[in-house]
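Topology and contacts: notes
Residue-level listing of the chains:
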2 protein chains.
Amino acid sequence: MLIAVDAVGGDHYPHNPVQGAVLATKENAEVEILLTGPESVIKEELDKLEYDKSRIHILHAPEIIGMKDSPTAAVKTKRNSSITLGLSAHKNGECSAFVSAGNTGALLAASMFLLGKLDGVLRPTIAATYPTLKGISLLVDAGANLELKPQMYYQFAVMSSIYAKEIMKIENPTIGLLNVGEEPEKGLDLHKEVYQMLSDFDSFKGNIEGGDILLGKTDIYLSDGFSGNVLLKFGEAIPEILKSLLTKTMKEKGLDEPSQKLVYDVIGTTMKPFNYEHVGGIPFLGVNGMSLVGHGSSSPVAIKNMILNAVKCVEHEINDKIVSTINKKDSVE
Amino acid sequence: MLIAVDAVGGDHYPHNPVQGAVLATKENAEVEILLTGPESVIKEELDKLEYDKSRIHILHAPEIIGMKDSPTAAVKTKRNSSITLGLSAHKNGECSAFVSAGNTGALLAASMFLLGKLDGVLRPTIAATYPTLKGISLLVDAGANLELKPQMYYQFAVMSSIYAKEIMKIENPTIGLLNVGEEPEKGLDLHKEVYQMLSDFDSFKGNIEGGDILLGKTDIYLSDGFSGNVLLKFGEAIPEILKSLLTKTMKEKGLDEPSQKLVYDVIGTTMKPFNYEHVGGIPFLGVNGMSLVGHGSSSPVAIKNMILNAVKCVEHEINDKIVSTINKKDSVE
């Protein structure tokens, strides 16, 4: 299976994506990689590494879409970017998926523009993994759609349930609706309508309040993209901020080095689930193809995990399952 | 100065409100208290305490609005509740303020119904204190108005700036707009409009992303009430959840008791700013009167601090300042 990897995406290119690609070939013997980006940049990075030359290929793409570039403008003007050419190669059937730690907005725009939507899907969505007391939940939408219609919540529930079941191996994923209170009549008319729409399904567990999120009350949290994006970034910032706060406290208390080490060790272990490296990246759900996005700061291990996640998504045919569920029957599986 | 205190509001009535009222009279010699609620319940609680009988009075209100009661229904049907009669006493000039740790929705509805809005104010708002790396920020709106119009953001900025300056003693409070990105063109049309509307003011520091919130990037975070409410409850839940996670980690690591004690001690100190007790409660801004709401789980100390905060708000005449700023000129002070 050939997976295209954006060699110049994210905050640490080409080092992290190229390293991650090589790691993926070492962990999964079936995987081949198509690195997209300026050939000279990729070659220089590859030269530093030991790798199986028969399984890592290069697709020359001279242009780079930066993390701060305006998504739609970049996709329109940079026709020879690593993102555009990588996704085009996927569209043309030259590779099974495209993964990138680059500009999320540009990746979504290019995926929509080049791959289109799955049959019956109103809007593709960005789901994000969210660490909780119980493990990992999915937060959807995490910023692709700032405003939603009730039917979109329903489709996001269907798509993320399939992802949770197939890829995260959660047998019967439960669904909660992010809201300002538990009762069905809480929130805007929109939320009341979604609540009613989902209430027939066993998997729907009702409204989820802000204080419930970290408890992992359900496997999937449905949210508009505005609140979802704020929550996602808030959660990502917690470990770093906590560390700063603890350092300050320990300094004030005058703790000796072994004691400091002990505290850092306990906190480090506790915050591990907040490390986005383990998942690496997940696909835009609803796109007619397999396009995965990872965190801009993705480490080589995170890129490797995103590549292996792409392989799983292809093998489990999650897009086929989404299309058949959305178009066949009115149910949240 | 006479402050009415809801003796049957919150999760721990009558104990916590009555204890808090007595504490307030001990800390501030100028304060007198009017406890509202069923007389027998209040008397029984007061009998357990030592207090200055000349400074603690009772306003008999036989009905209790529960934490789970529907706000508007409760206000309409329970005309003799501690909230309704307490706010009526304030409206009639019998006391300078009303404070409660009870049903927030009912308190807001009753405050609107009985006291009305300040001249020129479109909508009253709930501001909430939010702990950050730098101290305390104000999150506004925290749930009173799920959807906002641009002019409402502007007024919330004015009102919370006055509160921050007068009561929190922040000399030049800075303002940020909660959004999904830093750039002025991020978010919905609504956010772009608010950004433009506020951009003339020195105090406006632009958009604040989810990851910036805990950093304390600005003194005031402007938000719609939906996202604000989710964030508020999320933040409140952090200390408890962190403690559970740490306990689990330490158990797994098999840490001995002194080591566990050390970690809990460091975390306890670090999480202190997240303890809502210190502020107690703050007023609904924009209401034509002084009506303060505290957390349902308010301790006696939290109630005491809310009472003393009410005194400060009255002394600093924040309502007069709000009215003159909103009606006089187009500025964010």
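Being a predicted model, the structure only gives us computed values, none of them experimental.

What counts, and where the lines are drawn
- In this convention, every chain numbers its residues from 1, walking through the sequence in written order.
- Chains and ligands are labelled sequentially in the order written, the chains with letters from A and the ligands with numbers from 1.
- Since the coordinates come from a predicted model, pLDDT governs what is reported: local features require at least 70, and pairs of side-chain atoms require 80 or more to be given and counted, while whole-chain, interface and lining totals use all residues.
- Hydrogens and waters are ignored; side-chain quantities use all the structure's heavy atoms.
- Counting from the N terminus, the helices are DSSP H or I runs at least four residues long and the strands are E runs at least two residues long.
- To get the radius of gyration, use the C-alpha atoms; to get the globule rule, take the number of residues to the power 0.38 and multiply by 2.2 Å.
- Residue exposure (1.4 Å probe, protein chains only): buried if accessible area is under 20% of the type maximum, exposed if over 50%, otherwise partly exposed.
- Any two residues whose heavy atoms approach within 4.5 Å at even a single point are treated as in contact.
- All accessible areas in this document rest on Shrake-Rupley with a 1.4 Å probe, and a residue is counted as covered only by the protein chains that are shown.
- In plain words, nonpolar cores are sets of buried Ala, Val, Leu, Ile, Met, Phe, Trp, Tyr and Cys residues tied together by side-chain atoms within 4.5 Å.
- The span you would expect from a helix comes to 1.5 Å times its residue count less one.
- Each residue gets a pLDDT score, which is the predictor's confidence in that residue and runs from 0 to 100.
- As used here, the arc belongs to the directions running from the helix axis to the C-beta atoms.
- Least-squares fitting of one copy onto the other uses the C-alpha atoms of those residues that reach a pLDDT of at least 70 in both copies.
- We define buried area as the total accessible area lost by two parts upon association, computed with a 1.4 Å probe and summed across both.
- Salt bridge, as used here, is a side-chain nitrogen of Lys or Arg placed within 4 Å of a carboxyl oxygen of Asp or Glu.
- Residue polarity is assigned by list, with Asp, Glu, Lys and Arg as charged and Ala, Val, Leu, Ile, Met, Phe, Trp, Tyr, Cys and Pro as nonpolar; anything else, Gly included, falls into the polar class.
- The pairing criterion for strands is at least two bridges between them, as found by DSSP.
- Angles run from 0 to 180 degrees between N-to-C directions of axes, and those axes are lines fitted to C-alpha atoms, restricted for helices to the stretch in contact.
- Orientation is classified from the angle alone, with under 35 degrees giving roughly parallel, over 145 giving roughly antiparallel, 65 to 115 giving roughly perpendicular, and any other angle giving oblique.
- Here a Phe, Tyr or Trp ring, Trp counted by its six-membered ring, pairs with any other such ring whose centre lies within 6.5 Å, and the pair is stacked when the planes are under 30 degrees apart, edge-to-face when over 60, and tilted otherwise.
- Consider the ring centre and the ring normal. A charge sits over the ring if Lys NZ or Arg CZ is within 6 Å of that centre and within 35 degrees of that normal.
- Whether a crossover is right-handed comes down to one check: with the strands pointing away from the viewer, does the path from the first strand over the helix to the second run clockwise; if it does, it is right-handed.

1. Section: the overall build of chain A
- Helix and strand content of chain A: 11 helices and 11 strands.
- Taking 333 residues into account, the globule formula puts the C-alpha radius of gyration at 20 Å, and chain A, at 21 Å, falls close to it.
- Its C-alpha atoms give chain A principal-axis dimensions of roughly 65 × 60 × 35 Å.
- In chain A, buried positions account for 59% of the 333 residues.
- Restricting to contacts in chain A with at least 6 residues of sequence separation, those with at least 24 account for 72%.
- Of the accessible surface of chain A, which amounts to about 13,400 Å², a share of 49% is contributed by carbon and sulfur atoms.

2. Considering the nonpolar core
- Ile213 and Phe234 of chain A together with Ile213 and Phe234 of chain B are the most contacted members of the largest nonpolar core, which has 102 residues in total.
- Residues contacting phenylalanine 234 of chain B, with those up to four places away along its chain left out, are Tyr130, Gly210, Gly211, Ile213, Leu214, Leu231, Phe234 and Ile238 of chain A.
- If you look at the next biggest cluster of nonpolar residues, it comprises 59 residues, including Tyr163, Val194, Leu198 and Ala310 of chain B.

3. Looking at helix α6 (residues 150–166) of chain A
- The end-to-end C-alpha separation of α6 of chain A is 25 Å, in line with the 24 Å expected for 17 residues at 1.5 Å each.
- Most of α6 of chain A sits out of view: 15 of its 17 residues are buried.

4. Observations concerning the confidence of the model for chain A
- When the pLDDT values of chain A are averaged, the result is 94; 98% of them are 70 or greater.
- Listed scores for the predicted complex are pTM 0.93 and ipTM 0.92.

5. Looking at helix α9 (residues 257–270) of chain B
Residue and element names in this part refer to chain B.
- Along its 14 residues, α9 runs 20 Å from first to last C-alpha, staying within 8% of the 20 Å computed at 1.5 Å per residue.
- Of all the residues in α9, the buried ones are Ser259, Val263, Val266, Ile267 and Thr270. Angularly, the buried residues of α9 cover 95° about the axis, an arc narrow enough to put them on a single face. The exposed set on the far side of α9, more than 90 degrees from its buried face, consists of Glu257, Pro258 and Lys261.

6. Observations concerning the relation of the copies chain B and chain A
- When chain B is fitted to chain A, the residual RMSD is 0.0 Å, and the transformation amounts to a turn of 180° plus an axial shift of 0.0 Å. Here the two chains are linked by the operation of a two-fold rotation axis.

7. Brief notes about the interface of chain B and chain A
- Chain B puts 50 residues into the contact, and the matching count from chain A is 50 residues.
- Summed over both sides, the interface between chain B and chain A buries roughly 4,300 Å², with carbon and sulfur atoms accounting for 78% of that surface.
- Linking glutamate 209 of chain A and lysine 233 of chain B is a salt bridge whose minimum nitrogen-to-oxygen distance equals 2.5 Å.
- Considering every element that reaches the side of chain B that touches chain A, the biggest residue donor is helix α8 (residues 225–253) of chain B, with 19 residues.
- Class assignment of the residues belonging to the side of chain B that touches chain A gives a composition of 26 nonpolar, 14 polar and 10 charged.

8. With respect to the sheet that holds strand β8 (residues 204–208) of chain B
All names here are of chain B.
- If you trace the 5 strands from one edge of the open sheet to the other, you get β5-β6-β9-β7-β8, paired in mixed fashion. The open sheet has two free edges, formed respectively by β5 (127–132) and β8, since each of these has just one partner strand. When the angles between neighbouring strand axes are averaged without regard to direction, this sheet yields 30°.
- Relative to strand β6 (residues 135–140), β5 runs antiparallel, the two sharing 6 bridges.

9. A few points about the side chain of glutamate 209 of chain A
- One can find glutamate 209 of chain A in the loop between β8 (204–208) and β9 (220–222).
- Each residue touching glutamate 209 of chain A, except ones within four places of it in the same chain, is listed here: Asn179, Val180, Gly181 and Glu182 of chain A together with Lys233 of chain B.

10. Side note on the sheet that holds β9 of chain A
All names here are of chain A.
- What the 5 strands build is an open sheet, ordered β5-β6-β9-β7-β8; its pairing is mixed. The two strands at the open ends of the sheet, each matched to only one other strand, are β5 (127–132) and β8. Adjacent strand axes in the sheet meet at a mean angle of 30°, parallel and antiparallel pairs treated alike.
- Relative to β9, strand β7 (residues 175–178) is paired through 3 bridges, and the arrangement is parallel. Paired with isoleucine 175 across the two strands is isoleucine 220, which belongs to β9.
- Here α6 sits on the sheet and contacts β6 (135–140), β7 and β9; the angle it forms with β9, its principal contact strand, is near 165°.
- Contacting β5, β6 and β7, helix α8 (residues 225–253) runs over the sheet at an angle of about 45° to β5.

11. A closer look at the pairing of strand β4 (residues 97–100) of chain A
All names here are of chain A.
- Of the two faces of β4, the one carrying Ala97 and Val99 and the one carrying Phe98 and Ser100 are both buried.
- Pairing of strand β1 (residues 2–6) with β4 involves 3 bridges; the strand directions are parallel. Paired with alanine 4 across the strands is phenylalanine 98, a residue of β4.
- For β4 and strand β11 (residues 291–294), the ladder comprises 3 bridges, and the chain directions are parallel. Within the sheet, the bridge partner assigned to serine 100 lies in β11 and is valine 293.

12. What to know about the packing of helix α9 (residues 257–270) of chain A against α8 of chain B
- Running from amino to carboxyl end, α9 of chain A crosses α8 of chain B at an angle of 110°, the nearest separation of the two axes being 9 Å. In terms of orientation, α9 of chain A lies roughly perpendicular with respect to α8 of chain B. Touching Asp265, Val266, Ile267, Thr269 and Thr270 of chain A of α9 of chain A are Leu245, Leu246, Thr249, Met250 and Lys253 of chain B, all from α8 of chain B.

13. Some remarks on the packing of aromatic side chains
- In total, this model carries 7 aromatic pairs over all chains according to the counting rule given.
- Seen from their ring centres, tyrosine 195 of chain A and phenylalanine 204 of chain A are 5.2 Å apart, and the 85° between their planes marks the pair as edge-to-face. The same class applies to tyrosine 195 of chain A and to phenylalanine 204 of chain A, which are both buried.
- Among the aromatic side chains, those forming a connected cluster through ring pairs are Tyr130 and Phe234 of chain A together with Tyr130 and Phe234 of chain B.
- Its guanidinium or amino end placed over the ring of tyrosine 51 of chain B, lysine 53 of chain B lies 4.7 Å from that ring's centre, counting from NZ or CZ.
- One residue, lysine 243 of chain B, lies across the ring of tyrosine 264 of chain B, its end atom 6.0 Å from the ring centre.

14. Here's the deal with the pairing of strand β2 (residues 32–37) of chain B
Residues and elements named next belong to chain B.
- Within β2, 5 of the 6 residues are buried, leaving the element largely enclosed by the surrounding structure.
- After leaving strand β1 (residues 2–6), the chain enters helix α1 (residues 15–27) and then returns to the sheet as β2, a path that is right-handed.
- Here 5 bridges tie β2 to strand β3 (residues 56–60), and the two strands are oriented parallel to one another. Each bridged residue has a counterpart across the sheet, and for threonine 36 the counterpart in β3 is leucine 59.

15. Section: the pattern of salt bridges
Residue and element names in this part refer to chain B.
- This model, assessed by the stated rule, comprises 20 salt bridges over all chains.
- Note that glutamate 39 and lysine 43 form a salt bridge whose closest N and O atoms lie 3.5 Å from each other. Of the two residues, glutamate 39 and lysine 43 both sit in helix α2 (residues 39–46), 4 residues apart, roughly one turn of that helix.
- Since its relative accessible area comes to 32%, glutamate 39 is described here as partly exposed.

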